[in-house]
Amino acid sequence: MLKKRVFKPNTLLALGLLGCMSGSIYAVTPAQIKQAIEQQQPAYLKTLESLVNIESGSRDLEGLNKIAQLVADRLQQTGAQVSVIQANDLYRMDDSPEQVGPMVKAVLKGQGKGKIMLIAHMDTVYQKGQLKEQPFKIEGNKIYGLGILDDKQGVANIIHVIDTLQKLKFKDYDTLTVLINSDEEISSPGSRKIITETARDQDLVLSFEGGGKEGNLRLATSGIGAVYLTVKGKSSHAGARPEDGVNALTELSHQIVQMQNLSNPQTGLKLNWTIAQAGTTRNVIPDLATAQADARALRVENFNQLEKSLQEKIKHKKLKDSQVSVKFELRRPPLAANDKAHQVARQAEQIYKNELNLPLSVLKTATGGGTDAAFAGMQSKAAVIEGMGLSGDGAHSSNAEYVLKDTIVPRLYLATRLIVEATKAK
């Protein structure tokens, strides 16, 4: 459990006075930011409730269009140039739908330097009708709701950070770009290209996935891949004439066994077979067998090598008349921290420690999960920081997803302060 959020008034007052005495140091002071953020909390809760009350599963186009319009309207009220983008060029994966929901893009043009990008997603893993089982409610320090942690709090964070900056009349950035997509939970087939291209020339990317129970920031995430193995054989009677058949299950088993050594603990590459199917009738030699594997990697080149190894392995067959094919899908690339990310992380730690009197843990090595932050980091030299959202738990659960109310002000404050600091970077 996180410690109680307590600001250090003396520190903030001192910083505020310093900013007043020397306007070149702070265009807005930490004390001014704190006050503005605290005033946002009641409105933030209303925004969060509005978002939760719109069911927006990744395949619910009606719900996704509805929540996208709400988000677009709210961002437009901040003075941003807003567009709702319908993705047409999808990266097709095994489970990709024919159509995905829209993306909301907002751009604010400033008068200073620093290109800053904020990302979150408005889709959830839930099905329509589940809202009644997990309605918005506040119980003490916990705020419950369908998709509230993953990632409607992140959407609300972005809206109110932008609103705070506008109320403070802070425009010392070059551009402030917001991308909120609606296909993250299905590996972002429609938005990944836009995220990567938009992030290419940014200086700072803040991603507002939840910070977990402890409010951790993350600088690295694992890449996620999927492997699909297909074997075609020939059916025949298993009792009367098995020799006339080509047993697809036998060949599939051979292929899986010879691929068991492709994981590499030294590089962090993991390949685990998780699904297999073959045959429909006990006394028939199966003519089709399939398997799927989950793949994780810390670097893109590890995935490239894995794909090459898979294609080499399937050339070595046990049954010469079988037909074997393998397909690799990049669900998400890995995110590796660069020097800029480490620098911003140190700033975040100092802000939490010196201005909020709170601890902040920064996870610098990947722990297995992947997010859209990795698409932002693919072709960019920006500092990419994940986990900027509220603390909480229960993501993807049926009745226990929540965020912690006392992390609203600290997290909004941290994001706002990092944006201000990014405009001063040389």
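### As for the pairing of strand 6 (residues 175-181)
Successive residues of a regular strand alternate their side chains across the two faces of the sheet. Of all seven residues in strand 6, seven are buried, a share of seventy percent or more. By the alternation rule, side chains of strand 6 split into T175, T177, L179 and N181 and L176, V178 and I180, which are all buried. Pairing geometry for strand 2 (residues 103-109) and strand 6, over six bridges, is antiparallel. Residue pairing in the sheet places A106 in a bridge with V178 of strand 6. In this sheet, strand 6 lies alongside strand 3 (residues 115-121) in parallel orientation, the contact comprising seven bridges. Among the inter-strand pairings, A120 is bridged to a residue of strand 6, identified as I180.

### Some remarks on helix 8 (residues 339-355)
With 17 residues, helix 8 should reach 24 Å at 1.5 Å per residue; the first-to-last C-alpha distance of 24 Å fits that figure. Those residues of helix 8 that fall on the buried side of the exposure criterion are A341, V344, A345, A348, I351, Y352 and E355. The buried residues of helix 8 occupy an angular sector of 140 degrees when projected down its axis, which confines them to one face. Turned more than 90 degrees away from the buried face of helix 8, the exposed residues are D339 and K353. The backbone nitrogen of K340 has a side-chain oxygen 3.2 Å away, supplied by the residue at the start of helix 8, namely N338. One or two steps after helix 8, the chain reaches N357, where phi turns positive at roughly 55 degrees.

### Regarding the packing of helix 8 against helix 10 (residues 408-422)
Where helix 8 meets helix 10, the closest approach of the two axes is 10 Å, and the angle between their N-to-C directions is 130 degrees. As summarised for this structure, helix 8 and helix 10 are arranged oblique, according to the angle between their axes. Note on packing geometry: the crossing formed by helix 8 with helix 10 is right-handed. Along its contact with helix 8, which presents V344, Q347, A348, I351, Y352 and E355, the element helix 10 presents P410, R411, Y413, L414, R417, L418 and E421.

### Topic: the sheet that holds strand 15 (residues 392-393)
The strand order 4-5-16-15 describes an open sheet built from four strands, whose pairing is antiparallel. Because the sheet does not close on itself, it has two edges, and the strands there are strand 4 (137-139) and strand 15. As defined by bridge partners, strand 5 (residues 142-144) adjoins strand 16 (residues 402-404) across three bridges and the pair is classed as antiparallel. Within strand 16, the position partnered with Y144 by the bridge is Y402. Sheet contacts for helix 4 (residues 148-167): strand 5, strand 15 and strand 16; angle to strand 16, the most-contacted strand, approximately 50 degrees.

### What to know about the sheet that holds strand 12 (residues 323-332)
Taken in spatial order, the four strands make up an open sheet running 10-11-9-12, and their pairing is antiparallel. In this open sheet, the two edge strands, each paired with only one partner strand, are strand 10 (270-278) and strand 12. Adjacent strand axes in the sheet meet at a mean angle of 15 degrees, parallel and antiparallel pairs treated alike. Direction of pairing for strand 9 (residues 223-232) relative to strand 11 (residues 288-297): antiparallel, over a ladder of 10 bridges. Bridge pairing links T230 to T290 in strand 11. Sitting on the sheet, helix 6 (residues 248-258) touches strand 9, strand 10, strand 11 and strand 12, and the angle it makes with strand 11 is about 20 degrees.

### Re the packing of aromatic side chains
For the structure on display, the rule yields three aromatic pairs. The interplanar angle of 55 degrees and the centroid separation of 5.7 Å between the aromatic rings of Y144 and Y402 together place this pair among those described as tilted. With Y144 in strand 5 and Y402 in strand 16, this pair connects stretches of sequence that are 258 residues apart. Residue classification places Y144 among the buried residues on the basis of a relative accessible area of 15%. Residue Y402 is classed as buried on the basis of its relative accessible area, which comes to 11%. Relative to F328, the ring of F303 has its centre 5.2 Å away and its plane inclined at 50 degrees; by these criteria the two rings are tilted. Placement of F303 in helix 7 (residues 300-313) and of F328 in strand 12 is noted, with a sequence separation of 25 residues between them. The class for F303 is buried, based on a relative accessible area of 2%. Residue F328 is classed as buried on the basis of its relative accessible area, which comes to 13%. The ring of Y402 carries K142 above its face, with NZ or CZ at 4.5 Å from the centroid.

### Remarks on helix 6
Taken together, the buried positions of helix 6 are occupied by A248, E251, L252, Q255, I256 and Q258. For helix 6, the secondary structure elements touched by its buried residues are strand 9, strand 10, strand 11, helix 7 and strand 12. The N-capping residue of helix 6, defined by a side-chain oxygen 2.9 Å from the backbone nitrogen of L249, is N247.

Procedures and definitions
Residues numbered from 1 in each chain as written. Predicted model: local features only at pLDDT ≥ 70, side-chain atom pairs only at ≥ 80, totals over all residues. Heavy atoms only, no water. Buried < 20%, exposed > 50% of the residue type's maximum accessible area, 1.4 Å probe, protein only. Helix = DSSP H or I, 4+ residues; strand = E, 2+ residues; numbered from the N terminus. Pairing = 2+ DSSP bridges. Expected span 1.5 Å × (residues − 1). Arc of directions from axis to C-beta. Polar contact = N/O pair within 3.5 Å; in protein donor to acceptor, adjacent residues only side chain to side chain. Axes fitted to C-alpha atoms, helices over the stretch in contact; angles between N-to-C directions. Parallel < 35°, antiparallel > 145°, perpendicular 65-115°, else oblique. Left-handed = near helix turned anticlockwise from the far one by under 90°. Contact = heavy atoms within 4.5 Å. Phe/Tyr/Trp six-rings, centres within 6.5 Å; stacked < 30°, edge-to-face > 60°. Lys NZ or Arg CZ within 6 Å of the ring centre and 35° of its normal.

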